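# Analysis of the macromolecular model
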Amino acid sequence: MWEYIPERVKMEAEYILQTGATVRACAAHFDVSKSTVHKDVSERLKDIDENLWEGVRAVLDKNLSERHIRGGIATKNKYLCVRSDKSSSF
């Protein structure tokens, strides 16, 4: 494993724990792909720091259980904006 990878994995994990961020948000923050973050925090982190891995796993499980709610809220907001745009154009 490259020398910088364990350091990056720990930084990503600490960021997720501190902010409750999703994999997508963490990837955007560290300017890496979602796949990289997912592999880092779900596979590599367990070998590096198991206690940290358990905490991150709890945050990611919470995010997974709330995903359908977030999607519904985003869709609702999208159509509220579309409706208000149409009514203001008359």
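Quantities reported herein were computed from a predicted structural model and do not represent experimental measurements.

Of the regular secondary structure elements, the chain holds 4 helices and 0 strands. Ordered by position in the sequence, the α and β elements of the chain form the string α-α-α-α. The C-alpha radius of gyration computed for the chain amounts to 17 Å, which surpasses the reference 12 Å derived for 90 residues by more than 25%, pointing to a less compact arrangement than a globule. Seen along its three principal axes, the alpha-carbon backbone of the chain occupies a region of about 60 × 25 × 20 Å. Considering only contacts within the chain whose residues lie at least 6 apart along the sequence, 55% involve residues at least 24 apart.

A separate point is the side chain of Arg8. Tracing the backbone through its elements, the reader meets Arg8 in helix α1 (residues 4–19). In contact with Arg8, not counting residues within four places along its chain, are Thr36, Asp40 and Arg44.

Let's shift gears to the side chain of Asn63. Along the chain, Asn63 falls in helix α4 (residues 50–88). With relative accessibility at 7%, the residue Asn63 sits in the buried group. Excluding residues within four positions of it along the chain, Asn63 makes contact with Gly20, Ala21, Thr22 and Arg70.

Ranked by internal contacts, the top residues of the largest apolar core, which has 17 residues, are Ile16, Leu45, Val56 and Leu60. Secondary structure elements with two or more residues in this core: α1, α2 (23–30), α3 (34–48) and α4. With near-sequence residues (within four places) excluded, Ile16 lies in contact with Ala21, Cys26, Val41, Val56, Val59 and Leu60.

In the predicted model, the chain carries a mean pLDDT of 90, and the fraction of residues at 70 or more is 94%. Within the chain, no element has a lower average pLDDT than α4, which sits at 86, and none a higher one than α2, at 96.

Calculation rules
Residues numbered from 1 in each chain as written. Predicted model: local features only at pLDDT ≥ 70, side-chain atom pairs only at ≥ 80, totals over all residues. Heavy atoms only, no water. Helix = DSSP H or I, 4+ residues; strand = E, 2+ residues; numbered from the N terminus. Rg over C-alpha atoms; globule rule 2.2 N^0.38 Å. Contact = heavy atoms within 4.5 Å. Buried < 20%, exposed > 50% of the residue type's maximum accessible area, 1.4 Å probe, protein only. Core = buried A, V, L, I, M, F, W, Y, C linked by side-chain atoms within 4.5 Å. pLDDT = per-residue confidence, 0-100.

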